[in-house]
Amino acid sequence: MLPEQHQPLRVGRVEPFPPGRRLRVPLRYHEGSTVEPTVRLGQSVRALDLLARSSAPPMSTYAPAAGVVTAIGRTPTSSGHVRIAVELAISGNRNGSLEEPRQPPARPSDSHGWAALCDNFSLVNTIDGRPLSSTFRDMSGKIVEHLIIRAMGAEPVETAAPAVLLEQGTTIIEAAELLAKALGAGHTWLAVGKNFEQGRRLLARITRGTRLTPVVLPARYPQANIHLLVASVCGRTVPVNQRPEEHSVCVVDTATLTALANAALYALPATTSTLTITGDALARTGDYRIPAGVTVGEVLESVGTTKPTGIVVSGGPLSGRAMPHPDVVIDETTTCLTVLARRTARAHDAQACLRCGWCGDACPVGLEPSALMSLAEQFAIDRAAELSPDACIGCGVCSYICPAHLDLTRAMLDLKRGHLSSMRSYA
Amino acid sequence: MSDAGPPMLPLTPTRWPADSAPFLRPAPSSGSLAWLTSAAALPVAAAGVVLFGRHGAIIMALSVATALLTNAILGYLTRRGGVIGTGHAVMTGLLLALTLPPHVDWGIPVVGALIAILVGKGLLGGYGNYLWSPVLVGRVGLQVLDPAAMLPASWPVLGRGRLLVGDLSNATDSSPFFAWRNANLPDGVDSWLLPRLDSLLAGTHDGLIHSGPPALRGERITSLADLLNDVLPPWGETLLGTVGGGFGETCALCIIVGGLYLIHRGLVRWQLPVALLLGAAVTAAVFPIASSWNEQGEVIGRMWLPGLTLEGHKPLGLVYVLYHLTTGELLLAAFFIATDIVSSPMRGRGQVVFGFGVGVLTICLRMLGIIPGAAYWAILILNPFVSLIDRLTRRRVFGV
């Protein structure tokens, strides 16, 4: 693992990010179901109007701002999927029905009711990208022993989750109690990094008298990884190819909780997400609340770059995904956008493995990346399976630390997915 | 998710470069690791020049130059010039020179570096794949080719007032041996011929001194107190290095400083040198020494656990163990040679096993007097077991 970060995490306000001229709103649906827009081309919509509803289980998508539907088509999104999106030309009146008073929905009595409420307000668990209702459906009739709320960024540069905690602490506590009650959770934990001093002070104050237990974890990447987080918080080992729900544990982050609070208390559907915009090529960095449907290119245009852009990453620089072009839509599961200057992201010459063993020392799940890489190069998939490459969490620490600059992470993920091609070389 | 459905929305023609995470690679390159090791060995080399004169600097320069030249030719012939590593050649040349006797001819470092790079690095797999440390391959090659030059009975040390400027070529025997430090050098002579301390320590096993000036050879060591009080120089001398030994082997203080720097920079895990010294200390404390003789002078009784010997309230056995740790090639091997990145185990736990094994084997080889340069041989013997050690010391994988 990387050394612990001792510098305090600096977190500012979550800034609003006004929609530009156009939004390509990706439609939300459960895996395996189909989705049809409920709007026509040329139709005017107000903010929070329904844009689409998927087949069973029905999940809704709403307009983040008022505008006119100019196109319906597929678009690549920042998590690597291609999704159907409704393109809106944003009109002058950006608020629309936001100003209208809304009736809070009735409080559901069982997990099916909660699942329907989550789908109706298009709530998504940002941590795993699945609709929040899946958690209720998975856990229906089962005991949730631990509910863990993550107020840590997946990577050191990500500050969105801590920023949301700082800004809406009491709302999050309220929503956490609501969710814990709805799931019937035995223990509720709120995890923050040791270097998030502002958050630790706030937590000590606002969790007093509640059923939430604050947990302070080492600020060491990849501590916030869902599997390592569960192991650290409640001592339960969830194998990497399984979900915490299968082990009676549920993990959500602070942004998901604010969305839940908005839905359950104020009947506001989720049409925005909180995004950390960071990187050494940018003029302004920070946390932004962006409407659904903003593209990567629009973000870059809005915050402005100061250096030639080398690589644009959805996620952090250690485990993120390179964006292929500016028209990729930032979807609701993306919590960070990193823009690296050309000099920073330059390629390094790879050399032969030295057997220094740093990768194995650094691997947070105890794998041997160098041995796995050489097996991947020899196509020895059976022998590689003995070293359990399935346990790789893709954190990127092995490649980061490798003095020979080998692509160990890529080799491990290829082995994990079973994609080996004869053209592959990791050097 | 779904691929079917309406057509793609129009996309701009701009394309960004594709790559896979991580996008930051701040780690030092493999070449710089070797440069750092060379830098850490510089204090040791400097101490060698001070203790053994300018001749040492020439040996080092020859060794490094030959290593670089051989490396360049090898790189040209195998068309992997950039990959093979200049830093590693410098490191190999430098470390090889540090293991050599201080008064060797200029041909020795040249041949040694040639063997180290050509055989140790080139033929035995290349940087990253070799089984044995090229430094040791070079040294062992020399020991086989020219045993007389590599394993002299007496080793020259510059006398009082002649450090740095003196000449080793006209050394003289000191008589009595242990008074050399206070004795005045004869005119025109700069250095004394002394035995290696590790061979004196090894003499305790059969109670005889085997090396050193002729006057000393065959002398009987009747007890530990006899050895420690009358034969060996004060222990502090072994820290400073004013004793007989290889060019970079004697100055324990400089070796420890360089080694701590390597540990601080993360190039060496602390487990290996610590386990090696622990293994050596335990073995030295346990290994039996001669305690009684018959009339013909044959050893008839041996005492186990010499490390527990007390003389009054003085822990004599402990001092004996400390001498074992700071004399001979043990420290240089512990911090600079056994820790070679390529030929040592990959895990900290494996390094504990390997280091402990090297420590135990070194003292056994030293005490039995089987072969000089015990620590080097111990490393060479255990290097082939490194992959086995790696396999046996794997970490438990999370969730499996």
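Quick caveat: nothing in here was measured; it's all calculated off a predicted structure.

A tally of helices and strands in chain B yields 17 helices and 5 strands. C-alpha atoms of chain B, sized along the principal axes, occupy 105 × 50 × 35 Å. Burial statistics for chain B: of 400 residues in total, 55% are counted as buried. Considering only residue pairs separated by 6 or more positions, chain B has 69% of its internal contacts joining residues 24 or more positions apart. If you sum the accessible surface of chain B, you get close to 16,600 Å²; carbon and sulfur atoms cover 67% of it.

Our next topic: the pattern of salt bridges. Here the structure, examined in full by the defined rule, presents 26 salt bridges over all chains. For the salt bridge of Arg22 of chain A with Glu298 of chain A, the shortest nitrogen-to-oxygen distance reads 3.8 Å. With Arg22 of chain A in strand 2 (residues 22-26) and Glu298 of chain A in helix 8 (residues 296-303), this pair connects stretches of sequence that are 276 residues apart. Between Arg347 of chain B and Asp361 of chain A there is a salt bridge, with the nearest N and O atoms lying 3.7 Å from each other. Taken together, the positions of Arg347 of chain B in the loop between helix 14 (330-337) and helix 15 (348-368) and Asp361 of chain A in helix 9 (residues 358-362) put the pair across two chains. Judged by relative accessible area, which is 4%, Arg347 of chain B ranks as buried. The exposure class assigned to Asp361 of chain A is partly exposed, which follows from its relative accessible area of 36%. Through salt bridges with shared partners, a single ionic network connects Asp361 and Glu368 of chain A together with Arg269, Arg347 and Arg394 of chain B.

This part is about the packing of helix 4 (residues 86-99) of chain B against helix 5 (residues 107-123) of chain B. The geometry of a pair of packed helices is captured by two quantities: the angle between their axes and the separation between those axes. All names here are of chain B. At a minimum axis separation of 10 Å, helix 4 and helix 5 run at an interaxial angle of 135 degrees. Classified by the angle their axes make, helix 4 and helix 5 are oblique. In terms of crossing hand, the pair formed by helix 4 and helix 5 is right-handed. Residues His88, Ala89, Thr92 and Leu96 of helix 4 touch helix 5, and the partners they reach there are Pro109, Gly112, Ala113, Ala116, Ile117 and Lys121. Across the contact of helix 4 with helix 5, the residue classes break down as 6 nonpolar, 3 polar and 1 charged.

On to the packing of aromatic side chains. All names here are of chain A. Evaluation of the coordinates by the stated rule reveals 2 aromatic pairs over all chains. Taken together, a centroid distance of 6.0 Å and an interplanar angle of 90 degrees make the contact between Phe17 and Tyr288 edge-to-face. In this pair, Phe17 is assigned in the loop between strand 1 (14-16) and strand 2 and Tyr288 in strand 14 (residues 286-291), connecting sequence segments 271 residues apart. Between Trp114 and Phe136 the ring centres are 5.9 Å apart and the planes differ by 10 degrees, which places this aromatic pair in the stacked class. Of this pair, Trp114 sits in helix 1 (residues 111-120) while Phe136 sits in helix 2 (residues 132-139), and the two are 22 residues apart along the sequence.

Looking now at the confidence of the model for chain B. Residues and elements named next belong to chain B. For chain B, mean pLDDT is 88; residues scoring 70 or higher make up 96% of the total. Mean pLDDT across the elements of chain B ranges from a minimum in helix 3 (residues 81-84), with 53, to a maximum in helix 12 (residues 271-286), with 97. We note a pTM of 0.88 for the whole complex and an ipTM of 0.87 for its interfaces.

Residue and element names in this part refer to chain A. Spatially, 4 strands are ordered 11-10-9-12 in an open sheet, and the strand pairing comes out parallel. Where the open sheet ends on each side, the last strands, each with one partner, are strand 11 (212-217) and strand 12 (249-253). Each adjacent strand pair in this sheet contributes to an overall mean axis angle of 25 degrees, direction not counted. Sheet analysis places strand 10 (residues 187-193) next to strand 11, joined by 6 bridges and oriented parallel. Among the inter-strand pairings, Thr188 is bridged to a residue of strand 11, identified as Leu212.

A separate point is the nonpolar core. Phe336 and Phe354 of chain B are the most contacted members of the largest nonpolar core, which totals 107 residues. Among the elements that line this core, the one with the most residues is helix 1 (residues 30-52) of chain B, at 11 residues. Shared between two domains, this core holds at least three residues of each, these being domain 1 (30-150) and domain 2 (220-389) of chain B. In contact with Phe354 of chain B, other than residues within four places in its own chain, are Leu272, Ala338, Ser343, Ser344, Pro345, Ile379, Leu382, Asn383, Val386 and Ile389 of chain B. Judged by nonpolar contacts, the second largest core, of 47 residues, contains Leu178, Leu190, Phe196 and Leu202 of chain A.

Let us now look at the domain arrangement of chain B. Residue and element names in this part refer to chain B. Here chain B is partitioned into domain 1 (30-150) and domain 2 (220-389). Contact with domain 1, which involves 36 residues of that partner, is made by 34 residues of domain 2. Together domain 1 and domain 2 conceal approximately 2,800 Å² of surface at their shared face, both sides included; 76% is due to carbon and sulfur atoms. Contact with domain 2 buries area across many residues of domain 1, yet Leu36, Val44 and Leu136 alone supply 19% of it, more than any other trio. If you look at where domain 1 meets domain 2, you find 0 salt bridges. Residue assignment for the side of domain 1 that touches domain 2 shows that the elements contributing at least two residues are helix 1, helix 2 (54-77), helix 4 and helix 6 (134-145). Here the side of domain 1 that touches domain 2 gets 13 residues from one element, more than from any other, and that element is helix 1. Here the residues of the side of domain 1 that touches domain 2 are counted per class, giving 27 nonpolar, 8 polar and 1 charged.

Parameters and conventions
- Residues numbered from 1 in each chain as written.
- Chains lettered and ligands numbered in written order.
- Predicted model: local features only at pLDDT ≥ 70, side-chain atom pairs only at ≥ 80, totals over all residues.
- Heavy atoms only, no water.
- Helix = DSSP H or I, 4+ residues; strand = E, 2+ residues; numbered from the N terminus.
- Buried < 20%, exposed > 50% of the residue type's maximum accessible area, 1.4 Å probe, protein only.
- Contact = heavy atoms within 4.5 Å.
- Areas by Shrake-Rupley, 256 points an atom, 1.4 Å probe, with all protein chains shown as cover.
- Salt bridge = Lys/Arg side-chain N within 4 Å of Asp/Glu carboxyl O.
- Axes fitted to C-alpha atoms, helices over the stretch in contact; angles between N-to-C directions.
- Parallel < 35°, antiparallel > 145°, perpendicular 65-115°, else oblique.
- Left-handed = near helix turned anticlockwise from the far one by under 90°.
- Nonpolar A, V, L, I, M, F, W, Y, C, P; charged D, E, K, R; others polar.
- Phe/Tyr/Trp six-rings, centres within 6.5 Å; stacked < 30°, edge-to-face > 60°.
- pLDDT = per-residue confidence, 0-100.
- Pairing = 2+ DSSP bridges.
- Core = buried A, V, L, I, M, F, W, Y, C linked by side-chain atoms within 4.5 Å.
- Domains from an automatic or database assignment.
- Buried area = accessible area lost by both parts, 1.4 Å probe.

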